[in-house]
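Chain by chain, the residues run as shown.
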Amino acid sequence: MNDLTFDKIGLDELNALAERSSSVIERLRDRVYAPNAEKQLEISFNVRSAAEMVKRSEKLIRDAEADGRLPEPRKDEVSGRRTGYSLAEINNMRDLFGTRPARAASDNPVVLAVQNFKGGVGKSTVTCHLAQFLALKGYRVCVVDCDSQASTTSMFGLNPDVDVDEDEDTLYPFFRHGGPQTLHYALRATYWPGIALIPANLGLYDAEYEFAARMVRDSTFVLDRLRDGIESIKDNFDVILLDPPPALGMISLSVLRAANALLIPAPPNNIDFGSTAHFLKMMTATLNELSEVGGARDYSFVKILVTKMNDNKSAHIAIKRMMDAVFPSDMMQAVLKDSAEIDNAAANLQTVYEISGPATRTETHKRCRMYLDQVGREVEILIRKTWPSHHADLRKEGIL
Ligand SMILES: Nc1ncnc2c1ncn2[C@@H]1O[C@H](COP(=O)(O)OP(=O)(O)OP(=O)(O)O)[C@@H](O)[C@H]1O
Ligand SMILES: [Mg+2]
């Protein structure tokens, strides 16, 4: 007989393990957030950046400050030097000069799902950075965290276990029988001007069971509930981003039905690409089946975004090349490369767009921002192409 004996791990040990891991999360959060402090956006812009963002000259901005149409620029109390403009102040300038890039009332808001059934491909990373890229441009953005893991909720400064009540704050009440009529109750402002969030927490997972049980009797309610909810709030926004869970569950299906555009993040390695191909197959089969139940759904655009690409790995380059050959018109030109900056920011529950201070002057930061901006700009164009009121400008810009 083998004299190696193993203690069995029972429920008590598992409970202890879960509790210890919660305390690790709490410690991490304590390190990131001061007690009871709300997350703040600390980035600021000098007048040159402001002029670029507002699309008006520095002189026009200064004139408006001099004649009182804009508030006087803030100054540091000690040094007397200008402290720079906040994003809220930039948006205020855009409103004064009429240079917000928003859609016209007659254009449909874009409901973009960043979806792939595979876990860890960068869905939440892309969702958060895209939301902030668009907010920096002055769009009105709503981020809907549809994943009970709540990564996006955490990135937006909320502790899902403490700051979010599953019976009141997430999609869950809306998904329940006899729940609220609209999703307005769940919308909350974030510390990012122009971004509203519908947060998630673990309780949202119960919706999977309830939806599955209800599917037999009332499939249309289940499949189109999220879509109806998005309909109820969409007029307030230019873009609504949906961050689904990594599984082919009822919530993921609802996300596919609620979206009118899809972005599919896919790392260029065999395993992830295999899953992405599988995702595309399952998605098409499922959408075909669903179209028989509740009508067909079509998308303004469906694009595959290569994520976590490492140029030093020949396998990545080979698979990316193959993807370009197989889907010539479905791939995004921009690639979100693998970057330590994204991981470093995420370790502090931050995005690359909200890092401020000396870290923003490093080469790694600048390079990573460049990748993110390229993705953001390309998605922005795809979005604007869906808005007829933007077509004349897109033609002037040489894009249409
Ligand atoms: N381009 C990148 N460079 C470096 N790290 C990245 C990049 N994109 C994502 N990551 C890291 O990979 C991990 C998984 O990313 P993310 O949470 O965005 O994936 P996901 O698809 O939303 O995962 P899930 O399926 O669990 O919801 C995170 O730690 C994130 O910081
Ligand atoms: Mg995620």
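If you're wondering where the values come from, they're calculated on a predicted model, not measured in any experiment.

Points about the overall build of the protein
When you go through the protein residue by residue, the secondary structure sums to 15 helices and eight strands. Against the compact-globule benchmark of 21 Å for 400 residues, the protein has a radius of gyration of 23 Å, which places it among compact chains. Considering the protein as a whole, with its 400 residues, one finds that 38% of them fall into the buried category.

Description of helix α9 (residues 219–233)
Each α-helix turn comprises 3.6 residues. Residues three or four places apart therefore point the same way. At Arg225, α9 shows its largest bend, some 50°. If you check which residues of α9 are buried, you get Val222, Leu223, Arg225, Leu226, Gly229 and Ile230.

Here we look at the domain arrangement of the protein
In terms of domains, the protein is made up of domain 1 (47–97) and domain 2 (110–396). A straight line from the C-alpha centre of domain 1 to that of domain 2 covers 33 Å. Looking at the side of domain 1 that touches domain 2, its residues break down into two nonpolar, one polar and one charged.

Focus: the site of ligand 1
As a structural note, the neighbourhood of ligand 1 is formed by 19 residues, with Gly119, Lys123, Ser124, Thr125 and Pro246 the closest of them. A per-class count over the shell around ligand 1 returns five nonpolar, nine polar and five charged.

A closer look at the packing of helix α8 (residues 206–215) against α9
With their axes 7 Å apart at the nearest point, α8 and α9 run at an angle of 140° to one another. The pairing of α8 with α9 is recorded here as oblique in orientation. Pair α8 / α9 crosses with left-handed handedness. Along its contact with α8, which presents Phe211, Arg214 and Met215, the element α9 presents Ser219, Phe221 and Val222. Tallied by class, the residues present in the contact of α8 with α9 amount to four nonpolar, one polar and one charged.

Thoughts on the sheet that holds strand β2 (residues 141–145)
A sheet is described by the order of its strands in space; here eight strands give the open sequence β3-β4-β2-β5-β1-β6-β7-β8, paired in mixed fashion. The open sheet is flanked by β3 (188–189) and β8 (336–337), the only strands paired with a single partner. Two elements, strand β7 (residues 302–309) and β8, share two bridges in a ladder whose sense is parallel. The residue bridging Met309 from the neighbouring strand is Lys337, located in β8. Relative to the sheet, helix α5 (residues 123–137) contacts β1 (110–114), β2, β4 (195–198), β5 (239–243), β6 (261–266), β7 and β8, its axis offset from that of β5 by approximately 165°.

Regarding the environment of Ala131
Its place among the elements puts Ala131 in helix α5. Ala131 gets classed as buried once you count the C-beta atoms within 10 Å, which come to 32. Taking C-alpha positions, Ala131 is 7.2 Å from Ile195, a pair spaced 64 residues apart along the chain. Every residue in contact with Ala131, bar those within four places of it in the chain, is listed here: Val141, Val143, Ile195 and Leu241.

A short note on the nonpolar core
Grouped together as the largest cluster of nonpolar side chains are 91 residues, with contacts concentrated most on Leu112, Val141, Val239, Leu241, Leu242, Ala259 and Leu305. For this core, the element with the most residues is α5, which contributes eight residues. Lining this core are residues from two domains, each supplying at least three of them: domain 1 (47–97) and domain 2 (110–396). Setting aside anything within four residues of it in sequence, one finds Leu241 in contact with Leu112, Val114, Thr127, Leu130, Ala131, Val141, Val143 and Val144.

Digging into the packing of helix α2 (residues 47–54) against helix α4 (residues 87–97)
Where α2 meets α4, the closest approach of the two axes is 10 Å, and the angle between their N-to-C directions is 45°. Taken together, the axes of α2 and α4 are oblique relative to one another. Classified by chirality, the crossing of α4 by α2 is right-handed. Counting all contacts with α2, which are made through Ala50, Met53 and Val54, the residues of α4 involved are Ile90, Met93, Arg94 and Phe97.

Let's talk about the pairing of β1
Most of β1 is tucked away, with five of its five residues classed as buried. Of the two faces of β1, both are covered, the one formed by Val110, Leu112 and Val114 as well as the one formed by Val111 and Ala113. Pairing geometry for β1 and β5, over four bridges, is parallel. The residue bridging Ala113 from the neighbouring strand is Leu242, located in β5. As paired strands, β1 and β6 are joined by three bridges and run parallel to one another. Along β6, the bridge assignment pairs Ala113 with Leu262.

Quick notes on the environment of Glu52
Looking at the element boundaries, Glu52 is found in helix α2. Distance from Glu52 to Leu187, taken between C-alpha atoms, is 31 Å for residues 135 residues apart in sequence.

Quick word on the pairing of β2
Of all five residues making up β2, five are buried, and the element is well covered by its neighbours. Both faces of β2 are covered, namely the face carrying Val141, Val143 and Asp145 and the face carrying Cys142 and Val144.

Conventions adopted
- Residues numbered from 1 in each chain as written.
- Chains lettered and ligands numbered in written order.
- Predicted model: local features only at pLDDT ≥ 70, side-chain atom pairs only at ≥ 80, totals over all residues.
- Helix = DSSP H or I, 4+ residues; strand = E, 2+ residues; numbered from the N terminus.
- Rg over C-alpha atoms; globule rule 2.2 N^0.38 Å.
- Buried ≥ 20, exposed ≤ 12 C-beta atoms within 10 Å, placed from the backbone.
- Bend = angle between axes of the 7 residues up to and from the residue.
- Domains from an automatic or database assignment.
- Nonpolar A, V, L, I, M, F, W, Y, C, P; charged D, E, K, R; others polar.
- Near = placed C-beta within 6 Å.
- Axes fitted to C-alpha atoms, helices over the stretch in contact; angles between N-to-C directions.
- Parallel < 35°, antiparallel > 145°, perpendicular 65-115°, else oblique.
- Left-handed = near helix turned anticlockwise from the far one by under 90°.
- Contact = placed C-beta atoms within 7 Å.
- Pairing = 2+ DSSP bridges.
- Core = buried A, V, L, I, M, F, W, Y, C linked by C-beta atoms within 7 Å.

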